[in-house]
Amino acid sequence: MTWNVFFAYFVLLSLISHTRGAPAADVSPPVTGRTIPLRRRGPSSDLDVYQRGQIAKFQRDAALARYYGGEGPTRRSTGDNLLVDQSYDSGYYGSLAIGTPPVSFEVLLDTGSSDLWVAGSSCGNVCNGLPLYSPSASSSFKNTSQSFDITYGQGEASGYVATETIEMAGFSVFNQGFAVVNDMSSGFLSAPTSGLLGLAWEPLALTQQMPFWQTLAGSGAWDSPLFAVQFTRYTNDTQAKTLEPGGVLNFGYTNSSLYTGSIEYSAMTSQPSFWQVSLTSVTVQGVSIPLGTAVAAAVDTGTSNIGAPSDIVKAIYDQIPNSKAASGSWAGYYQFPCSTSVNVTFSFGGSTWAMAPADFSYTQIGNSQCIGTFFETTQTNPSWILGDSFLKNVYTVFRYSPPAVGFAALSEVAIAENGVNGAPVPSATVGSATASVTGNAAPTTLPFAPAWIGIGLLFNFLHASLV
């Protein structure tokens with residue numbers, strides 16, 4: 001062990017000796033949780049000037065908090081959840097942990113709905129092969145005796161509402177409402193996913209529970225009240241496997257290594273429910289498509305393609321020679337020659353965002369025909385649904401306060417993650433929750449003992465440096 005390491009431990013012991021007699025507010029007992037691997041700087045066996053500075057800062061903050069009641073470390077934090085691209089960009093999922101003790105589950109990310117649900121141990125044959133949540137195995141499970149039924153475009157699920165301890169990316173929420181599903185449409189989920197994480201706003205929640213993300217954003221647990229996603233592209237990779245690295249979900253911050261320039265925010269067009277913004281311009285092959293006025297578009301990570309009114313979809317494909325409406329199970333879609341490279345752009349009142357031609361093609365049918373990504377919608381509010389075929393082309397930010405959706409151009413680092421063959425698929429690791437809040441509570445920060453939090457952070461910091 002080097003002199004620098006001895007110095008670090010000396011600082012730790014000194015800090016403990018100077019704070020152990022200080023009164024502390026009540027804190028929750030340590031929670032063992034499950035987090036997703038974070039992108040961190042590699043551990044070091046020595047302490048550099050920056051690390052010494054961090055130790056000095058922790059010591060100063062703790063002392064000031066003890067004697068003067070201010071400038072103590074906060075519980076706010078950030079976290080990353082590495083994602084998996086399932087079935088050639090059909091969906092993106094991440095991992096969270098449920099229960100006491102925590103058990104890991106893979107859940108699809110869906111900003112178009114607000115409920116968290118997982119398949120339960122009482123689910124029948126339709127859930128064969130899926131990892132199932134067992135309420136009897138968790139000491140923190142509580143059944144509310146409220147029924148749950150939800151219908152999506154591709155199927156439905158039903159069960160009951162419960163509360164549990166939910167952990168994700170280093171954050172833990174006690175008494176978080178969610179649904180245990182006992183039945184669902186056949187083929188709704190594919191292993192290894194067990195459920196769905198709704199990332200839209202509380203008014204859409206059929207569980208009548210505040211969404212997991214909103215509990216964290218409203219509690220002050222995050223450094224910034226927002227989350228962001230970056231998705232990878234494998235749809236045009238002929239060597240792609242069913243599961244590939246899918247990008248990342250950022251909690252509480254924006255990852256500047258994944259985008260360039262500034263993030264351009266668009267205010268939401270209505271009271272928060274869907275993540276709905278104004279769409280002002282669409283071009284196809286350089287031709288502007290008439291949209292009408294007051295066009296609302298929902299930004300939806302849970303939809304693979306892009307929905308638009310039928311007349312708009314027709315106008316889009318009118319710009320593509322030899323395209324036509326598809327039939328049979330593809331009704332509502334159009335087909336076009338796979339050899340045609342289609343360029344589409346979108347604008348939300350500011351910059352123009354291009355969609356890669358590879359994302360215009362959803363799948364190939366026959367020898368030369370492809371199904372396009374645009375499909376017809378029948379609803380008017382929102383009339384547009386912007387799914388993953390667009391979102392793969394931008395870094396997308398969902399801001400809690402003030403409510404808005406932001407887009408930024410992908411960096412070279414992010415673009416380089418597309419179509420990487422042989423890259424390892426992210427897997428979950430077991431760790432400790434770095435911040436905890438209580439579900440369905442008013443949006444306030446939790447009480448804490450500043451001196452002891454400073455010591456805990458210092459200990460974790462030293463441990464990372466010594467491993």
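Let me sum up the structure you'll find in this document. These numbers were taken from a predicted model, which means no experiment stands behind them. (Residues numbered from 1 in each chain as written. Predicted model: local features only at pLDDT ≥ 70, side-chain atom pairs only at ≥ 80, totals over all residues. Heavy atoms only, no water.)

As for the overall build of the protein chain
Along the backbone of the protein chain there are eight helices and 28 strands. The 467 residues of the protein chain split such that 51% are buried. Partitioning the intrachain contacts of the protein chain with sequence separation of at least 6 by distance along the chain shows that 74% fall at a separation of at least 24. Accessible surface, the protein chain: about 20200 Å² in total, of which carbon and sulfur atoms supply 53%. (Helix = DSSP H or I, 4+ residues; strand = E, 2+ residues; numbered from the N terminus. Buried < 20%, exposed > 50% of the residue type's maximum accessible area, 1.4 Å probe, protein only. Contact = heavy atoms within 4.5 Å. Areas by Shrake-Rupley, 256 points an atom, 1.4 Å probe, with all protein chains shown as cover.)

Concerning the packing of aromatic side chains
On inspection of all chains with the given rule, the structure shows 35 aromatic pairs. Here the basic side chain of arginine 399 rests over the ring of tyrosine 265, its NZ or CZ set 4.2 Å away from the ring centre. (Phe/Tyr/Trp six-rings, centres within 6.5 Å; stacked < 30°, edge-to-face > 60°. Lys NZ or Arg CZ within 6 Å of the ring centre and 35° of its normal.)

Details of unusual backbone geometry
Looking along the chain, the bond that leaves threonine 100 and enters proline 101 is cis, with omega of 0 degrees. In this structure, proline 101 sits in the loop between strand E3 (91-98) and strand E4 (103-110). Its identity as a non-glycine residue notwithstanding, serine 145 has a phi of 65 degrees, on the positive side. Structurally, serine 145 can be placed in strand E6 (residues 142-152). On the basis of relative accessible area, serine 145 is assigned to the exposed category, the value being 69%.

Section: helix H3 (residues 212-219)
Since one α-helical turn is 3.6 residues long, residues separated by three or four positions face the same way. Buried residues dominate H3, accounting for eight of its eight residues. Turning to H3, its buried residues are Phe212, Trp213, Gln214, Thr215, Leu216, Ala217, Gly218 and Ser219.

Side note on the state of the cysteines
Formally, a disulfide is one covalent bond, and it connects the sulfur atom of one cysteine to the sulfur atom of another. The tally for this structure, following the rule as stated, stands at two disulfides. Residue cysteine 123 pairs covalently with cysteine 127 via a disulfide, S to S 1.9 Å. Where cysteine 123 bonds to cysteine 127 through sulfur, the torsion about that S-S bond is close to 60 degrees, and the disulfide is right-handed. Judged on exposure class, the residue cysteine 123 and its partner cysteine 127 are both buried. Bridging cysteine 338 to cysteine 370, the disulfide has an S-S length of 2.0 Å. Around the S-S axis, the bridge from cysteine 338 to cysteine 370 shows a dihedral of about 110 degrees and counts as right-handed. Linking cysteine 338 in the loop between strand E19 (333-337) and strand E20 (344-347) with cysteine 370 in strand E23 (residues 369-377), this pair joins segments that are 32 residues apart in sequence. What makes cysteine 338 partly exposed here is its relative accessible area of 27%. (Disulfide = S-S within 2.5 Å.)

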